[in-house]
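# Understanding the architecture of this molecule
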Amino acid sequence: MRPKPMPDGARLLPRMRSYLNTCRLMLCLLASGFATTGWASSSQDILGPNPTKAYVAHLKTLYKTKDAKLALSRHINSLLQFYAYGEETHHYQLKIKGTELVTHRRSGDSREISSLFSVYGLNPYVKSECGKQATYSPACWIKGPHNGDPWLIIKPNQEGIEEIRKAATALLIEMQK
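Attention in this report is confined to the structure presented alongside it. (Residues numbered from 1 in each chain as written. Predicted model: local features only at pLDDT ≥ 70, side-chain atom pairs only at ≥ 80, totals over all residues. Heavy atoms only, no water.)

## Describing the state of the cysteines
Linking two cysteines covalently via their sulfur atoms produces the bond known as a disulfide. Here is the rule: Any cysteine sulfur atom paired with another within 2.5 Å is treated as part of a disulfide. Helix numbers and strand numbers start at the N terminus; a helix is a DSSP run of H or I with at least 4 residues, a strand a run of E with at least 2. Accessible area is worked out with a 1.4 Å probe on protein chains only. A residue is then buried under 20% of its type maximum, exposed over 50%, and partly exposed in between.
Using the criterion set out here, one finds one disulfide in the structure. The disulfide partner of Cys130 is Cys140, and the S-S distance across this bridge is 1.8 Å. Measuring the twist about the S-S bond at about 110°, one finds the Cys130-Cys140 disulfide to be right-handed. Of the two residues, Cys130 is situated in strand β4 (residues 128-131) and Cys140 in strand β5 (residues 139-143); the sequence distance between them amounts to 10 residues. Residue class for Cys140 comes out buried when judged on its relative accessible area of 1%.

Take a look at the structure:
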């Protein structure tokens, strides 16, 4: 007795599942900072012959734009939204205004606090920290390149803050060109 033949759609289902699993894996790798391509998370990786160029090219493809600054700001904003901090979630958003970087923060109470600084003359290689600070319960943050204070704060996630740090460094380099 022969098994009953499967309809065409049923044969495609395992292939579609495999494709979706591959897509999920690729998104996880992107979120973790290109773990399989050898991208490490120290600022020295960005200092090389120009790995920033490959990183930016990848983000331009991912965000479907030819503008490096736009791709980097979209990537940073996406990460900031994903890793939003606090019980009353703080949402940060970066905007580029000429040679200035504008940071907006919205809290649960809808207040908006903005900071604005020119990128010229700043060290573009930003630093990040994770830990406990008096004002911020366990969290991770990017130190402001203009004053060294916590600038962008996210929930505690070392990989997330390193990816934001890498993208912020690349953005500052692009803006200083």
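## A short note on the packing of aromatic side chains
Note the threshold: Any two of the Phe, Tyr and Trp rings considered here, Trp counted by its six-membered ring, make a pair once their centres fall within 6.5 Å; the pair's planes then place it as stacked at under 30 degrees, edge-to-face at over 60, or tilted in between.
Summed over all chains, the structure comprises two aromatic pairs. Ring centres of Phe82 and Tyr83 lie 4.9 Å apart, and the angle between their planes is 85°; on these two criteria the pair is classed as edge-to-face. Overall, Phe82 belongs to the exposed group, its relative accessible area being 57%. With a centroid separation of 5.5 Å and an interplanar angle of 70°, the aromatic rings of Phe117 and Trp151 are classed as edge-to-face. Linking Phe117 in strand β3 (residues 112-118) with Trp151 in strand β6 (residues 150-154), this pair joins segments that are 34 residues apart in sequence. On the basis of relative accessible area, Phe117 is assigned to the buried category, the value being 6%. By relative accessible area, which is 7% here, Trp151 ends up buried.

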